[in-house]
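Residue strings, one per chain:
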Amino acid sequence: MSVLEGLQPEKVFYYFEDICSIPHGSRNTKLISDYVVAFAKRHGFRYVQDEYNNVIIYKPSTGASEDTVILQGHLDMVCEKEEDCDIDFELEGLRLEVQGDLVSADGTTLGGDDGIAVAYMLAILDSDDIIHPNLECVFTVDEEIGMLGATALDMSLLKGRKLLNIDSEEEGHLLVSCAGGATAEIRVPILRRGAKGKRFHLTVSGLTGGHSGTEIDKGRANADIIMGKLLSELLLMDDSMKLISINGGLKDNAIPVKAEADIITDRYDELEPNLSGIFSKIREDYADFDPDMKLGITASTKTELYPLDELQNLGFIMAYGKLPYGVTQYSEDIEGLVQTSLNLGIIETTDNEIKLIYSVRSSVSDEKKALLEELEMIARSLGASFKIEGEYPAWEYVKDSKVRDIMLPVYKEMSGKDMIVEAIHAGLECGIFSDALEGLDAVSFGPDIYDIHTPKERLSISSVSRTWEYIKAVLAKF
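The following paragraphs examine the structure supplied in this document.

A word on the overall build of the protein
Along the backbone of the protein there are 11 helices and 23 strands. For 478 residues, the compact-globule formula gives about 23 Å, and the C-alpha radius of gyration of the protein, at 24 Å, lands near that figure. Residues classed as buried in the protein amount to 59% of the 478 residues present. Within the protein, residue pairs in contact and separated by at least 24 positions form 78% of the contacts whose partners lie at least 6 positions apart. Per element, the accessible surface of the protein, about 20,100 Å² overall, is 48% carbon and sulfur. One way to put it: in the protein the 46 positive side-chain charges average out to a point 2 Å from where the 84 negative ones average out.

Rendered as structure tokens:
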């Protein structure tokens, strides 16, 4: 039974519900890509599907315009879920819910970022009564893990030099510039030794989380970083404590909401009061932003792994407790705009290594380079390997823009308000398209979506409807 039946615009929500029924997390995009291709075949559209699962669908102009406009969004979503949620993101769709004006998913992220762009494009392609120029609808993949699809896309397949990217989450905001970024991976080899003591499992949970770009300046706690502070402070109180494993976070571009560690100590009677005291001070620092932060301490029966060698234990934990995180530089030109930041999104332990994955962002290339060099120095000090992946360019502001000249007055006419033109501290595929397509005139916009990249994500139904009317009005002007 359809959960979204009756919502308007009907076609948009029909396709959005279809999309949500198909597993489409990053690196798991074959099914959703094939769904888009099947749509193109059904409607007789010319299309291209590449080896990476990117899809382009071409639709001729429905009016007199000979102009070509690129509509673009990404197929993948960030897959985060609550602790008690049993959904398997690799195999199952989402469980949609409607409450008032909001669509959400039970216990998981909704993938409105960027499923709503896919739904808008399919609805436009499926309509015969919308006036528009020649369209090149571009569906990219793996945007959430470094814009890998856009980076791999053969841009020679595109004729258009005007780009409407539908990957923004605030109605009435027109994005015209964004930060560049990269993913940094540190792999620390582990030496393990047997040790006496009692084993314990620690958890930090209940955090708000969020997008590591747009929410990095909101004062929210990072579970991976909090666990590092806990362990380093604990080691100063209990030098018998040794780390067995540490795990937290699912995506480098999401602020982690939970982290877990297994430790061993022979001063176990002191463990709970020591940790409770440390945690109490940390929680005070985040009381306004993460009031539901929790610490769990339970005895563990796991014995399959030895703890870290004593010397490495000391070196790693003390370095872990001081890892950089958050905003490192604000813009001097635009008040309140984050210029440079980094987020420890994932930490994982295997038998023989600990892996840390950072998302680094900056609108200034030299600052991004400096942050990556700092992380590399930390890696080398730990005897670890260091690798940079998914590097993408900043999207620079274009002074003269025909697209903006269309978008702004249309919005003012429809809403009676001025559209807010701004830069954003997050990666957008506009940077990659602009870097590859000389003379590209690009903007990014979208309906209201709240708490993206978290299980609290919600999509505004009324905003989707208003943005739909706005897109149609804009396309008619080209």
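Picking up after the structure, the text goes on.
Comments concerning the pattern of salt bridges
Inspection of every chain in the model, using the stated rule, returns 23 salt bridges. The salt bridge involving Glu 353 is made with Arg 187; its shortest N-O contact spans 2.3 Å. Here Glu 353, found in strand β18 (residues 353-362), pairs with Arg 187, found in strand β9 (residues 180-189); they are 166 residues apart in sequence, far enough to count as distant. For the salt bridge of Arg 458 with Asp 451, the shortest nitrogen-to-oxygen distance reads 2.5 Å. Exposure remark for Arg 458: the relative accessible area of 25% places this residue in the partly exposed category. Salt bridges linked by common partners bring Glu 185, Arg 187, Glu 353, Lys 387 and Glu 389 together as one network.

Re the sheet that holds strand β4 (residues 96-99)
Spatially, 4 strands are ordered β4-β5-β23-β22 in an open sheet, and the strand pairing comes out antiparallel. The sheet is open, and its two edges are formed by β4 and β22 (449-450), each paired on a single side. Sheet analysis places β22 next to strand β23 (residues 458-460), joined by 2 bridges and oriented antiparallel. The residue bridging Tyr 450 from the neighbouring strand is Arg 458, located in β23.

Quick word on the side chain of Asp 142
Structurally, Asp 142 is set in the loop between β6 (134-140) and α4 (148-152). Within the buried set, Asp 142 has no salt-bridge partner at all; the shortest N-O distance to an opposite charge, 4.9 Å, is to Arg 27. The contact partners of Asp 142, leaving out residues within four places of it in the chain, are Ser 26, Arg 27, Thr 29, Asp 76, Met 147, Leu 148 and Gly 149.

With respect to the nonpolar core
Core analysis: the largest hydrophobic core is formed by 68 residues, its most contacted members being Phe 139 and Leu 164. For this core, the element with the most residues is helix α3 (residues 112-125), which contributes 10 residues. When neighbours within four sequence positions are excluded, Leu 164 is seen to be in contact with Val 69, Ile 70, Leu 71, Gln 72, Val 403, Met 407, Val 443, Phe 445, Val 474, Leu 475 and Phe 478. Counting 51 residues, the second largest nonpolar core, distinct from the first, contains Ala 221, Leu 230, Tyr 358 and Ile 378.

Topic: unusual backbone geometry
With an omega of 5°, the peptide bond between Gln 8 and Pro 9 qualifies as cis. Each neighbour pair has its own omega, and for Asp 113 with Asp 114 the value is 10°, a cis peptide bond. As for its position among the elements, Asp 114 is in helix α3. In this structure, Met 147 is a non-glycine residue whose phi angle is positive, near 55°. A residue is classified by how much of its surface remains accessible, and Met 147, at 2% relative accessible area, is buried. With a phi close to 50°, Asp 451 is a non-glycine residue in the positive phi region. If you trace the backbone, Asp 451 turns up in the loop between β22 and β23.

Some words on the packing of α3 against helix α11 (residues 461-475)
At a closest axis distance of 12 Å, the pairing of α3 and α11 adopts a crossing angle of 50°. Classed by the angle they form, the pair α3 and α11 counts as oblique. Along this stretch, α3 crosses α11, giving a crossing that reads as right-handed. Contacts from Ile 116, Tyr 120, Ala 123 and Ile 124 in α3 reach Ser 463, Val 464, Thr 467, Trp 468, Ile 471 and Leu 475 in α11. Here the contact of α3 with α11 is built from residues that sort into 8 nonpolar, 2 polar and no charged.

Points about the packing of helix α9 (residues 402-415) against α11
Contact pair α9 / α11: the axes reach a minimum separation of 10 Å and the direction vectors enclose 130°. Viewed along their axes, α9 and α11 adopt a mutual orientation that is oblique. Note on packing geometry: the crossing formed by α9 with α11 is right-handed. From α9, Ile 406, Met 407, Leu 408, Val 410, Tyr 411 and Met 414 reach across to α11, where they touch Glu 469, Tyr 470, Ala 473 and Val 474. Each residue belonging to the contact of α9 with α11 can be placed in one class, and the counts come to 9 nonpolar, no polar and 1 charged.

Topic: helix α8 (residues 365-381)
Here α8 spans 25 Å end to end across 17 residues, near enough to the 24 Å set by a 1.5 Å rise per residue. Within the span of α8, buried status applies to Lys 368, Leu 371, Leu 372, Leu 375, Ile 378 and Ala 379. One side of α8 carries all its buried residues, which in axial view fall inside an arc of 115°. In this structure, α8 carries Asp 366, Lys 369, Met 377 and Ser 381 as exposed residues pointing more than 90 degrees from its buried face.

Parameters and conventions
- Residues numbered from 1 in each chain as written.
- Predicted model: local features only at pLDDT ≥ 70, side-chain atom pairs only at ≥ 80, totals over all residues.
- Heavy atoms only, no water.
- Helix = DSSP H or I, 4+ residues; strand = E, 2+ residues; numbered from the N terminus.
- Rg over C-alpha atoms; globule rule 2.2 N^0.38 Å.
- Buried < 20%, exposed > 50% of the residue type's maximum accessible area, 1.4 Å probe, protein only.
- Contact = heavy atoms within 4.5 Å.
- Areas by Shrake-Rupley, 256 points an atom, 1.4 Å probe, with all protein chains shown as cover.
- Lys, Arg positive; Asp, Glu negative; His and termini not counted.
- Charge placed at Lys NZ, Arg CZ, Asp CG, Glu CD.
- Salt bridge = Lys/Arg side-chain N within 4 Å of Asp/Glu carboxyl O.
- Pairing = 2+ DSSP bridges.
- Core = buried A, V, L, I, M, F, W, Y, C linked by side-chain atoms within 4.5 Å.
- Axes fitted to C-alpha atoms, helices over the stretch in contact; angles between N-to-C directions.
- Parallel < 35°, antiparallel > 145°, perpendicular 65-115°, else oblique.
- Left-handed = near helix turned anticlockwise from the far one by under 90°.
- Nonpolar A, V, L, I, M, F, W, Y, C, P; charged D, E, K, R; others polar.
- Expected span 1.5 Å × (residues − 1).
- Arc of directions from axis to C-beta.

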